Amino acid sequence: MKALEVTQATKRFGGLVAVNDVSLSVNQGEIFSVIGPNGAGKTTFFNLLTGIYPPDEGRILLFGKDVTGLPPDRIAKEGVGRTFQNIRLFGAMTVLENLLVGMHIHIHVPYFHAVFRTPLARREEKRAEEEAKRLLEYVSLLHRKDELAKNLPYGEQRKLEIARALALKPRLLLLDEPAAGMNPKETEELQAFIQKLRDELGITIVLIEHDMRLVMRISDRIAVLEYGSKIAEGSPEEVRTNPRVIEAYLGKGAAGGAA
Amino acid sequence: MNALSSLLSLAYLGLAFLAPSPVSHLFGLAALGVTAFLRLSPTWRTLSLALLTLAFTVGLMRSGNTLGLIGLVGILVALTTLPRIPTGIRVLLALAILLLSVPLAGFANTFVFELGIQIGIYAAMALGLNVVVGMAGLLDLGYAAFFAVGAYTWAIFGSEQAKNFLQGNFPLPGEYMYLFMGIAIVTTALTGLLIGLPALRLRGDYLAIVTLGLGEVVRILANNLDHPINFTNGPQGITPVQRPPIDWFRQLMATLGVHLDRTTDYQLFFYFLVLLMIGLVVLVNVNLANSRFGRAWVAIREDEVAARSMGIPLLPTKLLAFMTGAAFSGVMGVIFAAQRTFVSPESFTLLASITILGMVILGGMGSIPGAILGAAALTILNLDVLKTFSEFVRISLPQIPNQVDPAKYERLVFGLILVLMMIFRPEGLIPEKRHRAEMEEA
Ligand SMILES: Nc1ncnc2c1ncn2[C@@H]1O[C@H](COP(=O)(O)OP(=O)(O)OP(=O)(O)O)[C@@H](O)[C@H]1O
Ligand SMILES: [Mg+2]
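Note that the structure is a prediction, hence the values are computed from the model and not measured.

### Some details on the overall build of chain A
Scanning chain A for helices and strands turns up 11 helices and 10 strands. Its C-alpha radius of gyration of 19 Å places chain A within 12% of the 18 Å reference for a compact globule of 259 residues. With respect to the principal axes defined by its C-alpha atoms, chain A has extents near 65 × 40 × 35 Å. Relative to its full complement of 259 residues, chain A shows a buried share of 56%. Of the contacts made within chain A by residues no fewer than 6 positions apart, 66% connect residues no fewer than 24 positions apart. Taken as a whole, chain A presents about 10900 Å² of accessible surface, with 52% of it coming from carbon and sulfur. Treating the 35 positive side-chain charges of chain A as one cloud and the 34 negative ones as another, the clouds have centres 4 Å apart.

Structure below.
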């Protein structure tokens, strides 16, 4: 069973075909990258996977289950966590609360128990809080737990967003440009962290990334989008030497820089 | 500096006792300002606040002047917001004000009870609306509709009105009011569902307009459902509405040494009932705020897309916020109907909705003490300050024409306050603090 199986997905915005007949599949436990020039449709592709937009055509299977057209909250419940290209934390909530929101579907407190804060509600809240703290420890943000998310420095916001996605206990984690704005050292730490997630937690990871060094080092396989269409797919080596990919990136020098 | 505030407080205590007059009460308010805003050591500040509590109470008892009530509200605000006052003292002083000072003042001037009850009812509603607007970020301009549904739920069955369409022994006896507080939770939550289902699919301004419209629909229904079958008695309203019997309360008070007369007994009873309800409403508010539901509401307010990607379903979560807010309002509606013994559509106009919203905004969106303070401030302003000011103008400055009577400019003053707030303190009087440190439980 594949973690993700997309067949002939298309998404149009008026006349613009943002995602054009894209098919691809991701194996369980894989680190899979989606690359492509600006405006190629990578983020839109993620938005199709997470139900933010339903695809105009095509089908999406998550771990063998057809989720085409389901709303984002249902897809999240299928075990898909994600981060956003332009960080979308809950700014007015604390770091800890952000994680607790991430754990929303795993906190089982019926409404009336919450209203009267019954022993059951207290127990569940306490358990959730402990778990959130452990997760914060894991991403070394525990010392920030009571700060408002919006007050964190950029790098920590990125980390927190990943932690929030992890709080959902995802089977599949989608990261949209996680290394954006990071210096080489931070990027290296990020690479180690992503690999740790896969190796220790067994999470399948799909990432969109412009940093070719990171992509080439970390990915098991890569798909390349251009103008919404998939123009190549394969191992880092195959993609790097693919003439169409070189053409797509030519003039930007990105493919050369990656070598 | 430290001694000054206590000295001023002491001076006011003397004035309140010997020469209670508007001027001396204004002096007391100034002393409170000094205590609250100057840099003082916690001990001196606590001492001054205690002295002022006593002084305002004495002032109220001796003159019945509601400036004293404003002072007490100010002290409550100081107790909730100022740092480094021992928690025990905060609680003790607050309880003394709510349970002793206000009732004592009420015996001197029953209008204080009236104000206290109104503030309480509106505060509870502001707390309900705070869930909807403050936490979940849903702009609801028809909130008074739920207040109306709650009020009519009891008014119809707690009066002869129900005889018009039902067989049976109406009015129901007064003690049924307690049961109807529960029933009103159900009827208003259902109304919330009915209004919310279509409205909550919309966002922002659209939601505001649609809730405004549907809120008006409820009022207009109340106005017109006197024919073909007379459910609501139309614009005349319903009266008399039963109150619960309070012999037990009179006896209880008598054993405590308080002998109540016929005008104050119900006032005191409803004052305590409303106080109890506020306690409950605050408790529920805090509980929800620190639960997965409260967090989901805030998450939706902060970022819908991110919230949905965390597995939070949009419509059900918004509906829940809407119905919760509605239920708070409904319960207070029942109490309102019983306390007034009279219900008519006039109490549930758009202006009422906007006033409650104004209380939430004035106090600080999402802030629990803020909502209560907002309710106190606007209620006192509407019912007391502007009226007193009008009277002052009429008596002292008779050359000013009738048309500029300040009481007629309630909405203008109200609007001005909101505009000034938006300019100088857009986060509200007591902004929401999302710090949980003090919520930590062992
Ligand atoms: N909601 C939308 N409405 C209209 N057009 C959109 C929408 N979202 C994306 N687009 C368009 O779709 C195309 C693909 O955008 P997308 O954000 O998916 O690109 P991307 O590959 O993520 O680019 P980048 O590397 O800059 O993040 C762009 O031309 C964009 O303008
Ligand atoms: Mg993008």
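That covers the picture; the talk isn't over yet.
### Overview of the site of ligand 1
Residue and element names in this part refer to chain A. By nearness alone, 14 residues border ligand 1, and Gly39, Lys42, Thr43, Thr44 and Gln85 come closest of all. With respect to ligand 1, the side chain of Thr43 contributes an N or O atom lying 2.7 Å from an oxygen atom. Here a nitrogen atom of ligand 1 sits 2.9 Å away from a polar atom, N or O, in the side chain of Tyr53. Its free accessible area being 630 Å², ligand 1 has 64% of it covered by the protein chains. Among the elements of the structure, strand E2 (16-26) and helix H1 (42-49) are those that each provide at least two residues to the shell around ligand 1.

### Overview of helix H6 (residues 110-135) of chain B
Residue and element names in this part refer to chain B. Taking 1.5 Å per residue as the helical rise, H6 with its 26 residues ought to reach 38 Å, and the 36 Å between its terminal C-alpha atoms agrees with that figure. The largest bend along H6 reaches roughly 40 degrees and is located at Leu129. By the criterion of burial, H6 is predominantly enclosed, with 23 of the 26 residues buried. Directly beyond the C-terminal end of H6, a positive phi value near 70 degrees is found at Gly137.

### Focus on the domain arrangement of chain B
Residue and element names in this part refer to chain B. Per the domain assignment, the segments of chain B are domain 1 (1-108) and domain 2 (124-357). Relative to domain 2, the C-alpha centre of domain 1 lies at a distance of 33 Å. At the interface, five residues of domain 1 touch seven residues of domain 2. Both faces considered, domain 1 and domain 2 share a buried interface measuring about 480 Å² in area, 84% of it formed by carbon and sulfur atoms. The three residues of domain 1 that bury the most area against domain 2 are Leu98, Leu99 and Phe107, which together make up 71% of that side's buried surface. There are zero salt bridges connecting domain 1 and domain 2. Summed over the shared surface of domain 1 and domain 2, the result is one residue pair in polar contact (both at pLDDT 80 or more).

### Considerations on the coordination of the magnesium ion (ligand 2)
All names here are of chain A. Around the magnesium ion (ligand 2), the protein contributes the donor atoms Thr43 (OG1) and Gln85 (OE1), at 1.9 to 2.1 Å from the metal centre. One end of the pair, Thr43, is in helix H1; the other, Gln85, is in the loop between strand E6 (80-82) and helix H3 (95-102), and 42 residues separate them in sequence. In this structure Gln85 comes out as partly exposed when scored by relative accessible area, which is 35%.

### So, the pairing of strand E4 (residues 57-62) of chain A
All names here are of chain A. One ladder, built from five bridges, connects strand E1 (residues 4-13) with E4; its direction is antiparallel. In the strand pairing of E4, Val6 is matched with Ile60. Of the strand pairs in this sheet, E4 and strand E5 (residues 65-66) are connected by two bridges, and their pairing is antiparallel. Bridging across to E5, Leu61 finds its partner in Asp66. Counting the residues between successive antiparallel strands, the hairpin from E4 to E5 contains two residues, one of them, Phe63, with a positive phi of roughly 45 degrees.

### Here we look at empty space enclosed by the protein
Residue and element names in this part refer to chain B. According to the stated counting rule, one finds four cavities of 30 Å³ or more in the structure shown. In this model, the second largest cavity occupies a volume close to 40 Å³. Along the walls of the second largest cavity sit Leu141, Gly142, Ala144, Ala145, Leu212, Gly215, Glu216, Phe348, Thr349, Leu350 and Ser353, which together make up its complete lining. Counting only elements with at least two residues in the lining of the second largest cavity, the list comes to helix H7 (144-157), helix H9 (204-224) and helix H15 (350-363).

### Here's the deal with the domain arrangement of chain A
For an interface, size is often stated in terms of accessible area lost upon the parts coming together. Residue and element names in this part refer to chain A. Per the domain assignment, the segments making up chain A are domain 1 (1-79 + 170-259) and domain 2 (89-167). One C-alpha centre belongs to domain 1, the other to domain 2, and the line joining them spans 27 Å. In this assembly, 18 residues from domain 1 lie in contact with eight residues from domain 2. Summed over both sides, the interface between domain 1 and domain 2 buries roughly 1000 Å², with carbon and sulfur atoms accounting for 74% of that surface. On inspection of domain 1 and its partner domain 2, the count reaches zero salt bridges. Connecting domain 1 to domain 2 are two residue pairs in polar contact (both at pLDDT 80 or more). Mapped onto the side of domain 1 that touches domain 2, the elements with two or more residues apiece are helix H2 (72-77), strand E7 (172-176) and helix H7 (184-201).

### Examining the layout of surface pockets
Residue and element names in this part refer to chain B. In this model, the second largest pocket occupies a volume close to 640 Å³. In terms of lining residues, the second largest pocket is bounded by 21 residues, among which Tyr122, Leu351, Asn382, Leu383 and Glu410 are the most central. The set of elements that each furnish at least two residues to the lining of the second largest pocket consists of H6, helix H14 (314-340), H15 and helix H16 (368-396). Among the elements that make up the lining of the second largest pocket, the one with the highest residue count is H16 (six residues). Of the residues in the lining of the second largest pocket, the class split is 10 nonpolar, seven polar and four charged.

### A few points about the interface of chain B and chain A
Listed by partner, the interface residues are 30 residues for chain B and 38 residues for chain A. Taken over both partners, the interface formed by chain B and chain A buries close to 3200 Å², and the fraction arising from carbon and sulfur atoms is 56%. Applying the counting rule to chain B against chain A returns two salt bridges. One salt bridge connects Asp303 of chain B with Arg88 of chain A, and the closest N-O pair in it is separated by 2.8 Å. On inspection of chain B and its partner chain A, the count reaches nine residue pairs in polar contact (both at pLDDT 80 or more). Going through the elements one at a time, helix H11 (264-289), helix H12 (292-302), helix H13 (304-309) and H14 of chain B are the ones with two or more residues in the side of chain B that touches chain A. Considering each element in turn, the side of chain B that touches chain A owes the most residues, eight residues, to H12 of chain B.

### Topic: the confidence of the model for chain B
All names here are of chain B. For chain B, the mean per-residue pLDDT works out to 90, and 98% of the residues sit at or above 70. Within the model, the stretch residues 435-442 combines pLDDT values under 50 with 12 contacts to residues more than four positions away or in other chains. For this predicted complex, the interface score ipTM comes out at 0.92, while the overall pTM is 0.90.

### Digging into the sheet that holds E1 of chain A
Residues and elements named next belong to chain A. If you walk across this open sheet you meet the four strands as E2-E1-E4-E5, and the pairing is antiparallel. Two strands lie at the open edges of the sheet, namely E2 and E5, each paired on one side alone. Its contacts with the sheet put H1 on E1, E2 and E4, and the angle it makes with E1 is roughly 115 degrees.

Rules of the game
- Residues numbered from 1 in each chain as written.
- Chains lettered and ligands numbered in written order.
- Predicted model: local features only at pLDDT ≥ 70, side-chain atom pairs only at ≥ 80, totals over all residues.
- Heavy atoms only, no water.
- Helix = DSSP H or I, 4+ residues; strand = E, 2+ residues; numbered from the N terminus.
- Rg over C-alpha atoms; globule rule 2.2 N^0.38 Å.
- Buried < 20%, exposed > 50% of the residue type's maximum accessible area, 1.4 Å probe, protein only.
- Contact = heavy atoms within 4.5 Å.
- Areas by Shrake-Rupley, 256 points an atom, 1.4 Å probe, with all protein chains shown as cover.
- Lys, Arg positive; Asp, Glu negative; His and termini not counted.
- Charge placed at Lys NZ, Arg CZ, Asp CG, Glu CD.
- Near = heavy atom within 4 Å.
- Polar contact = N/O pair within 3.5 Å; in protein donor to acceptor, adjacent residues only side chain to side chain.
- Expected span 1.5 Å × (residues − 1).
- Bend = angle between axes of the 7 residues up to and from the residue.
- Domains from an automatic or database assignment.
- Buried area = accessible area lost by both parts, 1.4 Å probe.
- Salt bridge = Lys/Arg side-chain N within 4 Å of Asp/Glu carboxyl O.
- Donors = N, O, S within 2.8 Å, 3.2 Å for Na, K, Ca; no water.
- Pairing = 2+ DSSP bridges.
- 1 Å grid on protein atoms, 1.4 Å probe; cavity = no way out; pocket = protein on both sides within 12 Å on 5 of 7 lines; lining within 4 Å.
- Points joined across faces, edges and corners; volume = space filled by probe spheres on them.
- Nonpolar A, V, L, I, M, F, W, Y, C, P; charged D, E, K, R; others polar.
- pLDDT = per-residue confidence, 0-100.
- Axes fitted to C-alpha atoms, helices over the stretch in contact; angles between N-to-C directions.

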